[in-house]
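Overview (structure and organization)
Take a look at the letters that make up each chain.
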2 protein chains.
Amino acid sequence: MMDEPAVERLRAAGLRPTRQRVQLVELLFSDGHRHMTAESLHADAGAAGVQVSLATVYNTLHQFTEAGILREVVVDASRSYFDTNTGDHQHFFVENDGTLIDIPGDEIAVSGIPTPPKGHAVDRVDVVVRIRKN
Amino acid sequence: MMDEPAVERLRAAGLRPTRQRVQLVELLFSDGHRHMTAESLHADAGAAGVQVSLATVYNTLHQFTEAGILREVVVDASRSYFDTNTGDHQHFFVENDGTLIDIPGDEIAVSGIPTPPKGHAVDRVDVVVRIRKN
DNA sequence: TCAACAGATTAGAATAGTTCTAATCCCGTG
DNA sequence: CACGGGATTAGAACTATTCTAATCTGTTGA
Ligand SMILES: [Mn+2]
Ligand SMILES: [Mn+2]
Ligand SMILES: [Zn+2]
Ligand SMILES: [Zn+2]
């Protein structure tokens, strides 16, 4: 059948390859990893000639996150960030301009995490190194 | 002059000891450390008979944070958390119920943080261990 | 002691990010 | 090619937070 890679990727994730999803996948995964916000992705889509509503951008970000092809990064209490890099890594967060920079997972390490309270399991360990321009 | 401790603390922080601030300080610092949300603090204040508007709770949380007697903890993209423990420590975040648990700063350690990009300085390193009830 | 003023509080309106609704659309199957 | 269920969408709704502008109160100096 030789589907395009974007269509492949959606099928693999169990998502119907609609025009919007295919174009968003192409935008997101064609050229290295990227960090985004719903608004920033919607703007980038518009700039790239991809016609998609903000509601669909939100839906898509959540579906992709659930499907494991995106991950959510919590660094700011007022905005959700998403990341095309779902591998083991952490972040610098530039507080001045709201920018994220990857820290490879094999460079950084967290030690001495106590045993979680009884009946709880660790889901994920997030490190955010907050930096500022000076 | 022998001011009450709450009044002392506010003076030391350069804040006028108004009725609302004094009562909030008493609520916040009388009995061990606590984590809170603007809404939860407003509710607790009400329950304790402290009459204060939600706007003042928000103002106060931000002023206290700026003054260094509270710190903000970013764990959830949709709500701001504050912490009376301003010392060196990290958190478990129970994703099921939105609860925070302290991890003492001398138990946990982060190593291998790369040098920040030129012209940037590290402000703080935050670790969030996300856990869930099972 | 108290007038006066700057800072603080407040109710309610406004804002911003996100989610919801319910009407329309379109992908996949037969 | 018709159909059915999932997907998209505009716009309304929602929620946390901030703003506004009127009122109040802590502080100070006469
Ligand atoms: Mn979300
Ligand atoms: Mn804030
Ligand atoms: Zn990343
Ligand atoms: Zn804490």
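The next thing to look at is the overall build of chain A. Counting its secondary structure elements, chain A contains 4 helices and 7 strands. Reading chain A from its N end, one meets helices and strands in the order α-α-β-α-α-β-β-β-β-β-β. Summarising its shape, the C-alpha atoms of chain A cover approximately 50 × 40 × 25 Å along the three principal directions. Counting every position in chain A, which comprises 134 residues, the buried fraction comes to 40%. Intrachain contacts of chain A at a sequence separation of at least 6 include 42% that bridge at least 24 residues. Working note: accessible area of chain A is about 7,100 Å², and carbon and sulfur atoms make up 48% of it. The averaged location of the 19 negative side-chain charges in chain A is 5 Å from the averaged location of its 13 positive side-chain charges.

Tallied over the entire structure, the rule returns 2 aromatic pairs over all chains. Note on B:Y81 and B:F93: the rings are 6.0 Å apart at their centroids and 75° apart in plane angle, and the pair reads as edge-to-face. Residue B:Y81 is found in strand β3 (residues 81–83), and its partner B:F93 is found in strand β4 (residues 89–94); the two are separated by 12 residues along the sequence. The burial state of B:Y81 is the same as that of B:F93; both residues are buried. The side chain of A:R9 reaches across the aromatic face of A:F29, ending 4.2 Å from its centre.

Turning our attention to the coordination of the zinc ion (ligand 3). Residues and elements named next belong to chain A. For the zinc ion (ligand 3), the full set of protein donor atoms is H35 (NE2), D83 (OD), H89 (NE2), H91 (NE2) and D102 (OD), and the range of their distances to it is 1.9 to 2.3 Å. Mapped onto the sequence, the donors of the zinc ion (ligand 3) take the spacing H-x47-D-x5-H-x1-H-x10-D. Separated by 54 residues along the polypeptide, H35 in strand β1 (residues 35–37) and H89 in strand β4 (residues 89–94) bring together distant segments of the chain. Among the residues examined, H35 registers a relative accessible area of 24% and is labelled partly exposed. Under the relative-accessibility criterion, H89 is labelled buried at 3%.

Around DNA strand D, a shell composed of 19 residues is seen, among which A:T18, A:Q20, A:T56, B:Y58 and B:S80 lie nearest. Near-protein atoms of DNA strand D (within 4 Å) split between backbone and bases, with sugar and phosphate holding 81%. Among the elements of the structure, α2 (19–29) and α4 (54–67) of chain A together with α4 (54–67) of chain B are those that each provide at least two residues to the surface near DNA strand D.

Within the structure, DNA strand C sits among 20 residues, and A:Y58, A:S80, B:T18, B:Q20 and B:T56 are positioned closest to it. Near the protein, meaning within 4 Å, the atoms of DNA strand C are sugar or phosphate in a fraction of 83%, with bases accounting for the rest. Take A:Y58: an N or O atom from its side chain is 2.6 Å from a phosphate oxygen of DNA strand C. Interatomic distance of 3.1 Å between a side-chain N/O atom of B:R21 and a phosphate oxygen of DNA strand C. Listing elements by their share of the surface near DNA strand C, those giving two or more residues are α4 of chain A together with α2 (19–29) and α4 of chain B. When residues of the surface near DNA strand C are assigned to their parent elements, the largest contribution, 4 residues, is made by α4(A). Across the surface near DNA strand C, the residue classes tally to 6 nonpolar, 9 polar and 5 charged.

Residues and elements named next belong to chain A. Taking burial as the measure, the 6 residues of β4 include 6 buried ones, the bulk of the element. With burial as the criterion, each face of β4 is covered, one bearing H89, H91 and F93 and the other bearing Q90, F92 and V94. Where β4 and strand β5 (residues 99–104) come together, 6 bridges link them in antiparallel fashion. Along β5, the bridge assignment pairs F92 with I101.

Moving on: the environment of B:F92. By the secondary structure assignment, B:F92 is in strand β4. Looking at B:F92, the relative accessible area reads 3%, which means it is buried. The sequence separation of B:F92 and B:R130 amounts to 38 residues, and the corresponding C-alpha distance is 5.8 Å. Apart from the residues lying within four places of it in its own chain, the contact partners of B:F92 are A:I113, A:P114, A:T115, A:P116, A:P117, B:T99, B:L100, B:I101, B:I103, B:V129 and B:I131.

With 40 residues of chain A in contact, the opposing surface of chain B contributes 40 residues. Of the roughly 3,100 Å² buried at the junction of chain A and chain B (both faces included), carbon and sulfur atoms supply 58%. A salt bridge links B:R130 to A:D126; the shortest N-O distance between them is 2.8 Å. Viewed at the interface, chain B and chain A are joined by 14 residue pairs in polar contact (both at pLDDT 80 or more). For the side of chain A that touches chain B, the elements supplying multiple residues, two or more each, are β4, β5, β6 (109–111) and β7 (120–133) of chain A. No other element matches the 14 residues that β7(A) contributes to the side of chain A that touches chain B.

What counts, and where the lines are drawn
Residues numbered from 1 in each chain as written. Chains lettered and ligands numbered in written order. Predicted model: local features only at pLDDT ≥ 70, side-chain atom pairs only at ≥ 80, totals over all residues. Heavy atoms only, no water. Helix = DSSP H or I, 4+ residues; strand = E, 2+ residues; numbered from the N terminus. Buried < 20%, exposed > 50% of the residue type's maximum accessible area, 1.4 Å probe, protein only. Contact = heavy atoms within 4.5 Å. Areas by Shrake-Rupley, 256 points an atom, 1.4 Å probe, with all protein chains shown as cover. Lys, Arg positive; Asp, Glu negative; His and termini not counted. Charge placed at Lys NZ, Arg CZ, Asp CG, Glu CD. Phe/Tyr/Trp six-rings, centres within 6.5 Å; stacked < 30°, edge-to-face > 60°. Lys NZ or Arg CZ within 6 Å of the ring centre and 35° of its normal. Donors = N, O, S within 2.8 Å, 3.2 Å for Na, K, Ca; no water. Near = heavy atom within 4 Å. Polar contact = N/O pair within 3.5 Å; in protein donor to acceptor, adjacent residues only side chain to side chain. Nonpolar A, V, L, I, M, F, W, Y, C, P; charged D, E, K, R; others polar. Pairing = 2+ DSSP bridges. Buried area = accessible area lost by both parts, 1.4 Å probe. Salt bridge = Lys/Arg side-chain N within 4 Å of Asp/Glu carboxyl O.

Geometry only, nothing functional implied.
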